[in-house]
Amino acid sequence: MPGGARGLYRRILLLHRALPAALRALGDRYVKEEFRKHKAAGPAEAQRFLREWENYAAVIQQQINEDKQNLREKTLYGIQLTEEKLNDFRDEQIGQLKELMDEATKPDKKVTISKDLEHKT
């Protein structure tokens, strides 16, 4: 992936600092895993990958700003995915979304991070 990926990666992790603790932990883990998986992506895939993460960063930045300005009664982070967008996903990506949704909507709102899911550097 191009060098701009590192800056985007850092920007996203910085944005996550403004999220509630459970969302931050979940988001940080997911971002780290995804950027690792795409280190060797081809040019077309890398471009799409970075574009989607740029969009994510812009949405999260806007939602954080709205939360700081108290423009919403309760801030909900993220976006609702359209059916069209979901149809573009591979089965593996749908599985990842399901895992994220399950983790983010646990009744006790605590996020657990399994040591065997973390990659060693």
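Residues numbered from 1 in each chain as written. Predicted model: local features only at pLDDT ≥ 70, side-chain atom pairs only at ≥ 80, totals over all residues. Heavy atoms only, no water.

This part takes up the overall build of the chain. Counting its secondary structure elements, the chain contains five helices and zero strands. For the chain, the N- to C-terminal ordering of α and β elements is α-α-α-α-α. Per-residue burial over the chain gives 26% buried out of 121 residues. Nonlocal contacts in the chain, meaning residues at least 24 apart in sequence, comprise 57% of its contacts between residues at least 6 apart. (Helix = DSSP H or I, 4+ residues; strand = E, 2+ residues; numbered from the N terminus. Buried < 20%, exposed > 50% of the residue type's maximum accessible area, 1.4 Å probe, protein only. Contact = heavy atoms within 4.5 Å.)

As a further point, take helix α3 (residues 43-68). An ideal rise of 1.5 Å per residue puts 38 Å on 26 residues; α3 measures up with 37 Å between its terminal C-alpha atoms. Buried within α3 we find Ala46, Phe49, Leu50, Trp53, Ala57, Ile60, Gln63, Ile64 and Glu66. The inward-facing, buried residues of α3 contact α1 (4-16) and α2 (21-37). Just past α3, the residue Asn70 takes up positive phi, approximately 55 degrees. (Expected span 1.5 Å × (residues − 1).)

Interaxial distance between α2 and α3 falls to 12 Å at its minimum, and their mutual angle equals 165 degrees. What the angle tells us is that α2 and α3 run roughly antiparallel. For α2 against α3, the interelement crossing comes out left-handed. Contact with α2, carried on its side by Tyr30, Val31, Glu34 and Phe35, involves Phe49, Leu50 and Trp53 of α3 and no other residues of that element. (Axes fitted to C-alpha atoms, helices over the stretch in contact; angles between N-to-C directions. Parallel < 35°, antiparallel > 145°, perpendicular 65-115°, else oblique. Left-handed = near helix turned anticlockwise from the far one by under 90°.)

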